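Listed below, chain by chain, are the residues.
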Amino acid sequence: MWEELRWRGLVHVSTDGDALKELLGGPPITFYCGFDPTAPSLHLGNLVQLLTMRRIQLAGHRPLGLVGGSTGLIGDPRPTAERTLNTRDTVAEWVGHLRNQVARFLGAEGENALRVVNNLDWTAPLSAIDFLRDVGKYFRVGTMLKKDAVSARLNSAEGISFTEFSYQVLQGMDFLQLYRDYGCVLQTGGSDQWGNLTSGTDLIHKAEGTSVHAIGTPLITNSDGTKFGKSEGNAVWLDPTMTSPYAFYQFWLNTDDADVIFRLKVFTFLSREEIESLDQAVASEPFRREAQRALALEVTTLVHGAEATEAAIKAAAALFGQGELTELPGDVLDAALRELPHVTAAPASSVAQLLVDTGLTASLGESRRAIAQGGVYVNNAKVADDSATIGDAFLGAGLAVLRRGKKTLAGVFRA
RNA sequence: GGCAAGUUACCCAAGCGGCCAAAGGGAUCUGACUGUAAAUCAGACGGCUCAGCCUUCACAGGUUCGAAUCCUGUACUUGCCA
């Protein structure tokens, strides 16, 4: 198991490797990973953790999925800037969403079924005095200041609030609580969380005299230096209402050659042999994008299921196909457009406004610019005039394909 | 609590009375080339009823024909001292 994780590149930092190897190769242990509600949905960064947990679960170990009902109210310090606090209601609502998402990826059946816990359950009843006496005494300020996230902020013009500074203590408490309640001896998380992970192992060492473990997975980056997990500048979410399965599939399909093998290791359950064979394919026939197709298929199926994935593939085939749109059966095109952002509109609607309505552009000015730059198409015909209306461009079934650039599409249905 | 410095568009960062919708870099978008890659080159990058107009340079007032630039107050941030 340990070797498997290492081969997939999932271990960036960890506590003692030999001990972990033994632990993961031995009888079932209980381990946990936490997810803070910073948004209504988890994103691709969280997916790394979810799949890592699943791998460890498949080796027979018992996962605890922690949702950060309390830590989400405090905010994990980011290196750049202080977070804006969300209301308690908002956080509580997001916690609910995260619970469901976490449950989707981890088996709920059998000996080592997923158990979901919420750190608000043990944090909320704690008084400030108890917190400072029973927990605070174990933490040395010098150590706390050395954590990367904290020191980065201290050295910045932004500074850090006491609230965010305290975050590591809360996360340390979580690990201790889970150790006591469930015998949890391993925590996984992103390597940017390393300071918070060790906060827990240190606390348990001091409070209980036991050594427990932590694994930090690497931060996923793109080889060209841009930020991973952004499509069109927006985050890629696991929630299908926030990122459609179609957009999700497209995101993976557009993976850079230089990154695709690494992604397959991290984000799919394909075997070593299968991935190595795809590696060959990238080297010998890159233009076929076999590895990208496999990646997009696997990950979309994991997150959205086989049915939604099939619809996304069919939609892509229809919209990116070589043939004329008019030659496509009406129902195929109709289904494809429903996978995309779409609106209904009257023939008198201007193309520029429809671009805004479908989210292809952010403002009319941007629409005009895009048209002037020759980047807007209706049913694959370039729009030349920024005052154009959708007019009679509707195809037989009363729909039209709006495109910006090469691959950003939207559907328009006749009102 | 005292003293000092700072707050510019998505991010970093210039500007220090008119030539400023505001240099430069990054990110992003479009075009060319391609494989719905990458790299490279070119253009765009506040909003609009777009040869013009409107709203921006922390916030609120003021000085001035004219302010991102000067003055006053407020908020926030940082550093040093207590």
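Please refer to the structure placed before this passage.
Residues numbered from 1 in each chain as written. Chains lettered and ligands numbered in written order. Predicted model: local features only at pLDDT ≥ 70, side-chain atom pairs only at ≥ 80, totals over all residues. Heavy atoms only, no water.

Undergrad: Go over unusual backbone geometry with me, naming the residues and quoting the values.
TA: Positioned with a positive phi, arginine 289 is a non-glycine residue whose angle comes to about 50°. Within the secondary structure, arginine 289 is located in the loop between α15 (272–284) and α16 (290–320). The class for arginine 289 is partly exposed, based on a relative accessible area of 30%. (Helix = DSSP H or I, 4+ residues; strand = E, 2+ residues; numbered from the N terminus. Buried < 20%, exposed > 50% of the residue type's maximum accessible area, 1.4 Å probe, protein only.)

Undergrad: Got a sec to walk through the sheet that holds strand β1 (residues 13–14)? Specific residues and values, please.
TA: If you walk across this open sheet you meet the six strands as β1-β6-β5-β2-β3-β4, and the pairing is mixed. If you trace the sheet from one side to the other, it starts and ends with β1 and β4 (115–118), each paired once. Note: strand β5 (residues 184–190) against strand β6 (residues 213–217), five bridges, orientation parallel. Its bridge partner being in β6, glycine 190 is matched across the sheet by threonine 217. Contacts between helix α2 (residues 17–25) and the sheet are confined to β1, β5 and β6, with β6 contributing the most and set at about 100° to the helix. (Pairing = 2+ DSSP bridges. Contact = heavy atoms within 4.5 Å. Axes fitted to C-alpha atoms, helices over the stretch in contact; angles between N-to-C directions.)

Undergrad: Describe the protein's contact with RNA strand B, naming the residues involved and giving the relevant values.
TA: By nearness alone, 33 residues border RNA strand B, and Ala157, Asn254, Arg368, Arg404 and Lys407 come closest of all. A share of 67% is what sugar and phosphate atoms reach among the atoms of RNA strand B within 4 Å of the protein. Note that a sugar or linking oxygen of RNA strand B is positioned 2.8 Å from one of the backbone N or O atoms of glutamate 158. For the surface near RNA strand B, the secondary structure elements donating two or more residues are α13 (245–253), α16 and α19 (364–372). Sorting elements by how many residues they give to the surface near RNA strand B places α19 first, with four residues. Taken together, the residues that form the surface near RNA strand B break down as nine nonpolar, 13 polar and eleven charged. (Near = heavy atom within 4 Å. Polar contact = N/O pair within 3.5 Å; in protein donor to acceptor, adjacent residues only side chain to side chain. Nonpolar A, V, L, I, M, F, W, Y, C, P; charged D, E, K, R; others polar.)

Undergrad: I'd love a proper account of the layout of surface pockets, names of residues and values included.
TA: Space inside the second largest pocket adds up to approximately 1,000 Å³. Looking at the second largest pocket, it is lined by 34 residues, and the ones nearest its centre are Ser231, Glu232, Asn234, Ala247 and Thr408. Sorting the residues of the lining of the second largest pocket by element identifies β7 (230–231), β8 (234–235), α13, α14 (257–267) and β13 (408–414) as the ones contributing at least two each. In terms of residue class, the lining of the second largest pocket is made up of eleven nonpolar, 13 polar and ten charged. (1 Å grid on protein atoms, 1.4 Å probe; cavity = no way out; pocket = protein on both sides within 12 Å on 5 of 7 lines; lining within 4 Å. Points joined across faces, edges and corners; volume = space filled by probe spheres on them.)

Undergrad: I'd like a rundown of the nonpolar core, residues and numbers included.
TA: Of all hydrophobic cores here, the largest spans 77 residues; its most connected members are Leu44, Leu47, Leu238, Trp252 and Phe267. Excluding anything up to four places from it in sequence, leucine 44 contacts Phe228, Gly229, Val236, Leu238, Phe248, Phe251, Trp252 and Phe267. Judged by nonpolar contacts, the second largest core, of 17 residues, contains Val376, Val378, Ile390 and Val412. (Core = buried A, V, L, I, M, F, W, Y, C linked by side-chain atoms within 4.5 Å.)

Undergrad: Before we move on, can you summarise the sheet that holds β13 with the specific residues and values?
TA: Strand order across the open sheet formed by five strands is β9-β13-β12-β10-β11, with mixed pairing between neighbours. Two strands lie at the open edges of the sheet, namely β9 (342–345) and β11 (381–382), each paired on one side alone. The pairing of strand β12 (residues 399–404) with β13 spans six bridges and is classified as antiparallel. Directly across from leucine 402, in β13, lies its bridge partner alanine 410. Across the sheet, helix α17 (residues 330–338) is in contact with β9, β12 and β13; its angle to β12 comes to roughly 45°.

Undergrad: Before we move on, could you go through helix α12 (residues 194–208) and cite the residues and values that matter?
TA: Over its 15 residues, α12 runs 21 Å from end to end, which matches the ideal 21 Å to within 8%, given 1.5 Å per residue. Asn196, Leu197, Thr198, Ser199, Gly200, Thr201, Leu203 and Ile204 are the residues of α12 that are buried. (Expected span 1.5 Å × (residues − 1).)

Undergrad: Hey, could you go over a nonpolar patch on the surface for me, with residue numbers and the actual values?
TA: On the surface, a nonpolar cluster with roughly 250 Å² of combined accessible area is contributed by Val141, Leu145 and Leu154. Take valine 141: it is sitting in helix α8 (residues 141–146). (Patch = residues over 30% accessible without salt bridge, like charges linked within 9 Å, V, L, I, M, F, W, Y side chains within 5 Å. Areas by Shrake-Rupley, 256 points an atom, 1.4 Å probe, with all protein chains shown as cover. Salt bridge = Lys/Arg side-chain N within 4 Å of Asp/Glu carboxyl O.)

Undergrad: Just give me the short version of helix α11 (residues 167–182), but keep the residues and values in it.
TA: With 16 residues, α11 should reach 22 Å at 1.5 Å per residue; the first-to-last C-alpha distance of 22 Å fits that figure. Among the 16 residues of α11, twelve are classified as buried, and the element is accordingly described as predominantly covered. Buried within α11 are the following residues: Tyr167, Gln168, Val169, Leu170, Gln171, Gly172, Met173, Asp174, Phe175, Leu176, Leu178 and Tyr179. At the C-terminal side of α11, glycine 183 shows a positive phi close to 70°.

Undergrad: Any details on the pattern of salt bridges? Residues and values, ideally.
TA: Scanning the model with the defined rule gives twelve salt bridges in all. Among the salt bridges present, the one from arginine 288 reaches glutamate 285, with a minimum N-O distance of 3.8 Å. By relative accessible area, arginine 288 is classed as partly exposed at 43%. For glutamate 285, a relative accessible area of 32% translates into the label partly exposed. In this structure, the salt-bridge partner of arginine 404 is glutamate 366, at a minimum N-O distance of 3.1 Å. One end of the pair, arginine 404, is in strand β12; the other, glutamate 366, is in helix α19, with 38 residues separating them in the sequence. One salt-bridge network, in which partners are shared between bridges, spans Glu82, Arg153 and Glu164.

What is shown is where atoms sit, not what they do.
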